[in-house]
Structures are given as C-alpha cells and as structure tokens.
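# What the coordinates show
Each chain, written out:
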Amino acid sequence: MKVFFITGTSRGIGEELANQLLAEDHHLFCLSRAENEQLIERSIQKKTSMTYYPFDLNHLLHIEHMFTVLFSMIPQDTEITGLYLINNAGMLAPVAPIEQNPAQSIIENVNINLLAPMIITANFLKFAQQYQVDKRIMNISSGSARYLLPSQSCYSTSKAGLDSFSKSVSLEQSVQPFPAKVVSVYPGMIDTQMQAEMRSLSKADFPYVDQFIQIAEEGKLQTPEYTAAKLIELLFSEDFGSTVVVENL
C-alpha cells in the first residue's frame, strides 16, 4: 500500500490530486481547514481508503501532534511500499505594496506557504525513518518564486523560500540510508480560486490585473484536472528528485 499525505484538499489542485489518487492500493490522509464532503463521498463510492483530518495550518505548534496521530493510523497489518507527502496548501493574500500589508496578513502568508510545509516535512521525515520504503516529498511552489511581479512580495518570497528549503532537504536526505526524494514544482497558471482572486484585485493594488483577466478570457489557464494528472505523473516518475526545482510540468 502507498500512503499519501496531502494538504489543501478542500478545493483546487489539492482536491483534484486526492480525487485522482483514490485507488484500491492507496491510503490518503487529506488535510484542510474543513472537511471536503464531496471528496469523502467519492472515496466511499469508490470503496477506497481515506482519512480526512481537519486542521488549520496556522497552528504550527500542533503539527507534530497531528503527525503523531496520522502515523499511528497507518494500517499495521498491510505492507507499506511508499510514503508520499504533497505540500499543496497555499495562499496568495495579501496582494498589495508591502507597506500596505498588515503584519497579521504577512504572518499568515508565510505560515501557510513556508513555515507549515517546513514543519510538516520535518515531522514526515522523522516519523518515516522507521520505514525502509520509497519516500517522496512534492512541494507545490510557483513561478512567482522566480518571476517577480509588484504587490506579490509575500507570496513570491514564501515560495522562493520553499524552493530553497526543498534544495536543502534534498541535500540532507542524499546521505541517508533510505532517503526521501524532494521536488519543488511550478504547476503553471491554473483555473482555481487563487486565479479568481488575482482577477478581482484593483489595478491600484495589482498593476498586472488586466493581463491576468486576458489570460483567463483567452482560455489559457490549465484545468485542475490536467494539472493534477501532470503532478501525479511527476510524483511517480523514475527520475523524481534528480532536479529539485521543476519549473515546467
């Protein structure tokens, strides 16, 4: 059995990743602030194994306890062949010149986009040490980590940090007897709630809003279904981890 830990499964890419990974020989641990009732229903209909664990990633100090609970729930009477972590949860806001952003908004952005994935990864690796199996970590980053736009300083900085963190952990794992392979991937521009947020911004807050509206109107956004399929293809690829920061799916 392959075991997956996926954050941000309430909607968008996370929901679709979970949906496509529902399979007979998979067990999914799905994490988001609120349960995704439709995803739970799909799992029941497909008769697949899934545990939904509602959790607010802003509660950074409680992540270790969560992983203690999650790893205790892994079936002990089944052979585990792989452990996979997908740090997908993310947030765009605040989008405005940095001097206009309240401290709490900056803190929450960095919590969700960087600190939570770091602490989740730390606990995943700690609890996974006992398993001599295939281990993979896929961090969902963004092209914004490299290609900068005004008013996205929090988002771009936290995603750039995620890329650097991924490279550091990959180096650490390379000397372990049963290492985890690590990738930080730019999934592209996707038709999700985050893109809708971008298009709803004022030009004063985000000068490039017209370009984002045009991209959507021209049908150039990827679907969550297509993107999730490409991400899963990458996750299971033979050379996963050989390039840590993957800029093109």
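Remember, predicted model here, so these are calculated numbers, not experimental data.

## Comments concerning the pattern of salt bridges
According to the stated counting rule, one finds nine salt bridges in the structure shown. A salt bridge links arginine 136 to aspartate 134, with the shortest nitrogen-to-oxygen separation between them at 3.0 Å. Taking the shortest distance from any N to any O, the salt bridge between lysine 230 and glutamate 233 comes out at 3.9 Å. Placement of both lysine 230 and glutamate 233 in helix H8 (residues 224–235) is noted, with a separation of three residues, approximately one turn of the helix. Judged by relative accessible area, which is 23%, lysine 230 ranks as partly exposed. Its relative accessible area of 51% is what places glutamate 233 among the exposed residues. Each of Arg33, Asp56 and Glu108 takes part in one network of salt bridges that share partners.

## What to know about the layout of surface pockets
There is about 1200 Å³ of room inside the largest pocket. Residue lining of the largest pocket: 48 residues in total, with Gly90, Met91, Tyr155, Thr192 and Met194 positioned closest to the centre. Counting residues per element, the ones that place at least two in the lining of the largest pocket are helix H1 (12–21), strand E2 (26–32), helix H4 (103–128), helix H5 (153–173) and helix H6 (193–199). Residue classes in the lining of the largest pocket are distributed as 23 nonpolar, 20 polar and five charged. Quantified by volume, the second largest pocket comes out at close to 180 Å³. In terms of residue class, the lining of the second largest pocket is built from five nonpolar, three polar and one charged.

## Quick look at the sheet that holds strand E7 (residues 245–246)
Read from one edge to the other, the open sheet built from seven strands follows the order E3-E2-E1-E4-E5-E6-E7, with strand pairing classed as parallel. The sheet is open, and its two edges are formed by strand E3 (49–54) and E7, each paired on a single side. Where strand E1 (residues 2–7) meets strand E4 (residues 82–87), five bridges bridge the pair, whose relative direction is parallel. Residue valine 3 lies in a different strand from E4, and its bridge partner there is leucine 83. Contacting E1, E4, strand E5 (134–140) and strand E6 (180–185), H4 runs over the sheet at an angle of about 175 degrees to E4. Strand contacts of H5: E5, E6 and E7, with the helix running at about 160 degrees to E6, the strand carrying the most contacts.

## With respect to the packing of aromatic side chains
One pass over the structure, following the stated rule, counts 14 aromatic pairs. An angle of 75 degrees between the planes, with centres 5.8 Å apart, marks the rings of phenylalanine 5 and phenylalanine 124 as edge-to-face. In this pair, phenylalanine 5 is assigned in strand E1 and phenylalanine 124 in helix H4, connecting sequence segments 119 residues apart. The exposure class of phenylalanine 5 is buried, given its relative accessible area of 0%. Looking at phenylalanine 124, the relative accessible area reads 0%, which means it is buried. Relative to tyrosine 131, the ring of phenylalanine 71 lies with its centre 6.3 Å away and its plane at 45 degrees, an arrangement referred to as tilted. In this pair, phenylalanine 71 sits in helix H3 (residues 63–72) while tyrosine 131 sits in the loop between H4 and E5, placing the two residues 60 residues apart along the sequence. As far as burial versus exposure is concerned, phenylalanine 71 and tyrosine 131 are alike and both buried.

## Section: unusual backbone geometry
Going from alanine 93 to proline 94, the amide bond is cis rather than trans, its omega being 5 degrees. One non-glycine residue, lysine 47, lies in the positive phi region at around 60 degrees. With respect to the helices and strands, the residue lysine 47 is situated in the loop between helix H2 (37–46) and E3. One non-glycine residue, serine 151, adopts positive backbone phi at about 75 degrees. Structurally, serine 151 can be placed in the loop between E5 and H5. Residue serine 151 is classed as buried on the basis of its relative accessible area, which comes to 10%.

Basis of the calculations
- Residues numbered from 1 in each chain as written.
- Predicted model: local features only at pLDDT ≥ 70, side-chain atom pairs only at ≥ 80, totals over all residues.
- Heavy atoms only, no water.
- Salt bridge = Lys/Arg side-chain N within 4 Å of Asp/Glu carboxyl O.
- Helix = DSSP H or I, 4+ residues; strand = E, 2+ residues; numbered from the N terminus.
- Buried < 20%, exposed > 50% of the residue type's maximum accessible area, 1.4 Å probe, protein only.
- 1 Å grid on protein atoms, 1.4 Å probe; cavity = no way out; pocket = protein on both sides within 12 Å on 5 of 7 lines; lining within 4 Å.
- Points joined across faces, edges and corners; volume = space filled by probe spheres on them.
- Nonpolar A, V, L, I, M, F, W, Y, C, P; charged D, E, K, R; others polar.
- Pairing = 2+ DSSP bridges.
- Contact = heavy atoms within 4.5 Å.
- Axes fitted to C-alpha atoms, helices over the stretch in contact; angles between N-to-C directions.
- Phe/Tyr/Trp six-rings, centres within 6.5 Å; stacked < 30°, edge-to-face > 60°.

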